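Read off the chains here:
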Amino acid sequence: MKDYSAAETLRDGRLFEIRALRPEDRSGLLAAVGRTSEQSLYRRFFGFKRNFTEREVDFYINIDFVSHVALVALLEEAGQPMIVGGARYIIVPSGQAEIAFAVDDAHQGQGIGTALMRHLIILARRADLNELIAEVLVDNAAMLKVFETSGLEITTSREPDAIHVVLRLS
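Residues numbered from 1 in each chain as written. Predicted model: local features only at pLDDT ≥ 70, side-chain atom pairs only at ≥ 80, totals over all residues. Heavy atoms only, no water.

## Structural notes on the overall build of the chain
Helices and strands together make up the secondary structure of the chain, namely five helices and eight strands. Taken over the C-alpha trace, the chain has a radius of gyration of 15 Å; the compact-globule value for 170 residues is 15 Å, and the two agree within 12%. Dimensions of the chain along its principal axes, counting C-alpha atoms only, are 40 × 35 × 35 Å. Counting only residues that meet the buried cut, the chain has 46% of its 170 residues in that class. In the chain, 59% of the contacts between residues at least 6 apart in sequence involve partners at least 24 apart. Entry remark: accessible area of the chain is about 8900 Å², with carbon and sulfur atoms responsible for 52%. (Helix = DSSP H or I, 4+ residues; strand = E, 2+ residues; numbered from the N terminus. Rg over C-alpha atoms; globule rule 2.2 N^0.38 Å. Buried < 20%, exposed > 50% of the residue type's maximum accessible area, 1.4 Å probe, protein only. Contact = heavy atoms within 4.5 Å. Areas by Shrake-Rupley, 256 points an atom, 1.4 Å probe, with all protein chains shown as cover.)

Okay, structure coming up:
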């Protein structure tokens with residue numbers, strides 16, 4: 001899985017790559033966070049979070065592709081590949097994995113989140129997982145739509161500030 005890579009197409013027809021996150025992506029990932037709005041970061045982290053400790057950055061970058069899988073979406077901008085989104089899952093007990101996504105604001109609404117979801121599903125099935133789970137803020141309609149259009153059976157339950165989502169892989 002560490003060499004996972006796939007070509008995808010944006011809604012406007014441009015090509016982009018989805019591939020496994022690598023340790024050398026550290027600066028590109030931090031740059032993507034820097035380009036992401038406070039609102040988008042709030043939706044991803046359930047709080048205003050722009051700065052990360054070295055320990056947190058290490059957690060997000062140094063993954064094992066067994067219990068923690070992460071993908072990035074790369075799009076060529078000004079002749080250079082740029083990380084414009086990312087998705088990950090972390091295995092939790094009972095054959096489940098918690099999933100999370102982020103796409104920088106300038107590239108939202110172009111199908112990147114949907115493509116990332118499709119590839120996480122492929123990898124989760126290869127890992128024989130049963131379910132993907134997520135906590136989504138109630139106002140995050142775009143993320144809920146990605147889940148609803150994933151092709152997986154979805155169950156949701158409302159909590160005070162969030163919606164608990166369960167997606168069945170089998």
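## Notes on the packing of helix H1 (residues 26–34) against helix H3 (residues 54–61)
Two numbers describe how H1 lies on H3: the axes approach to 11 Å, and their chain directions differ by 110°. Relative to H3, the element H1 lies roughly perpendicular. Between H1 and H3, the residues in contact are Arg26, Leu29 and Leu30 and Glu54, Val57, Asp58 and Ile61, respectively. Within the contact of H1 with H3, the residues separate by chemical class into four nonpolar, no polar and three charged. (Axes fitted to C-alpha atoms, helices over the stretch in contact; angles between N-to-C directions. Parallel < 35°, antiparallel > 145°, perpendicular 65-115°, else oblique. Nonpolar A, V, L, I, M, F, W, Y, C, P; charged D, E, K, R; others polar.)

## Quick look at the environment of Leu71
Examined against the element boundaries, Leu71 turns out to sit in strand S3 (residues 68–77). Expressed as a C-alpha distance, the spacing of Leu71 and Glu153, which sit 82 residues apart in the sequence, is 23 Å. Apart from the residues lying within four places of it in its own chain, the contact partners of Leu71 are Tyr4, Ile18, Arg19, Ala20, Leu21, Gly85, Gly86, Ala87, Leu116, His119, Leu120 and Leu123.

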